[in-house]
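Structural overview for review
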Amino acid sequence: QVQLAESGGGLVQAGGSLKLSCVASGGTFSSYVMTWFRQVPGKEREFVAGIMRNGLSKIYADSVKGRFTISRDNAKNTMHLQMNSLKPEDTAVYYCAAGGGLYYSASSYDHWGQGTQVTVSP
């Protein structure tokens, strides 16, 4: 099975930018559809963005479309989420997840990283 590890979170002011990274090991990275989810206390884990195996197709939640960009580098077993124009409502723990298809539901994924905290101050 694949193991995933996120990094790049931090504290930024509204309007700022962060770039998250997800590094995979122990599996065949190119065989997985990769996704980003986020979660705040008391709410379900929310779909943010997904990218197909070859990186040619991407989808985004409406709440982040035009501000976030998902990418992957199969040669380096990495995925990234470039987050621009950040808003306080983007504050959450961000997780990467791997699976056999692209789904909006967190329950569809079996492989998760530990999460990285993103905090956006007003």
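Presented here is an overview of the structure given in this document. (Residues numbered from 1 in each chain as written. Predicted model: local features only at pLDDT ≥ 70, side-chain atom pairs only at ≥ 80, totals over all residues. Heavy atoms only, no water.)

Looking at the pattern of salt bridges
This is how it is decided: Salt bridge criterion: a side-chain nitrogen from Lys or Arg within 4 Å of a carboxyl oxygen from Asp or Glu. We call a residue buried when its accessible area falls under 20% of the maximum for its residue type, exposed when it is over 50%, and partly exposed in between, using a 1.4 Å probe and counting protein chains only. By definition, any uninterrupted DSSP run of H or I lasting at least four residues is a helix, any uninterrupted run of E lasting at least two residues is a strand, and each is numbered from the N terminus.
In this structure the tally under the stated criterion is four salt bridges. Glu46 serves as the salt-bridge partner of Arg38, at 3.0 Å between the closest nitrogen and oxygen. Accessibility expressed as a relative area gives 6% for Arg38, which makes it buried. Among the salt bridges present, the one from Asp90 reaches Arg38, with a minimum N-O distance of 2.9 Å. Taken together, the residues Asp90 in the loop between strand E8 (78-83) and strand E9 (92-99) and Arg38 in strand E4 (residues 33-39) connect sequence positions 52 residues apart. In terms of burial, Asp90 and Arg38 fall into one category: buried. Several salt bridges converge on common partners, so that one network encompasses Arg38, Glu46, Arg67 and Asp90.

Considering the state of the cysteines
Chemically, a disulfide is nothing more than a covalent bond linking the sulfur atoms of two cysteines. Cut-off, in case you're wondering: In this description, the term disulfide denotes a pair of cysteine sulfurs within 2.5 Å.
By the definition in use, this model includes one disulfide. There is a disulfide in this structure between Cys22 and Cys96, and the S-S distance comes to 2.2 Å. Its S-S torsion of about 60 degrees marks the bond between Cys22 and Cys96 as right-handed, since a negative value means left-handed. Of this pair, Cys22 sits in strand E3 (residues 18-25) while Cys96 sits in strand E9, placing them 74 residues apart in sequence. Take Cys22 and Cys96: they sit in the same class, and that class is buried.

A look at the environment of Phe37
Tracing the backbone shows Phe37 in strand E4. For Phe37, a relative accessible area of 0% puts it in the buried group. In this structure the C-alpha to C-alpha distance between Phe37 and Ala92, which are 55 residues apart in sequence, comes to 9.5 Å.

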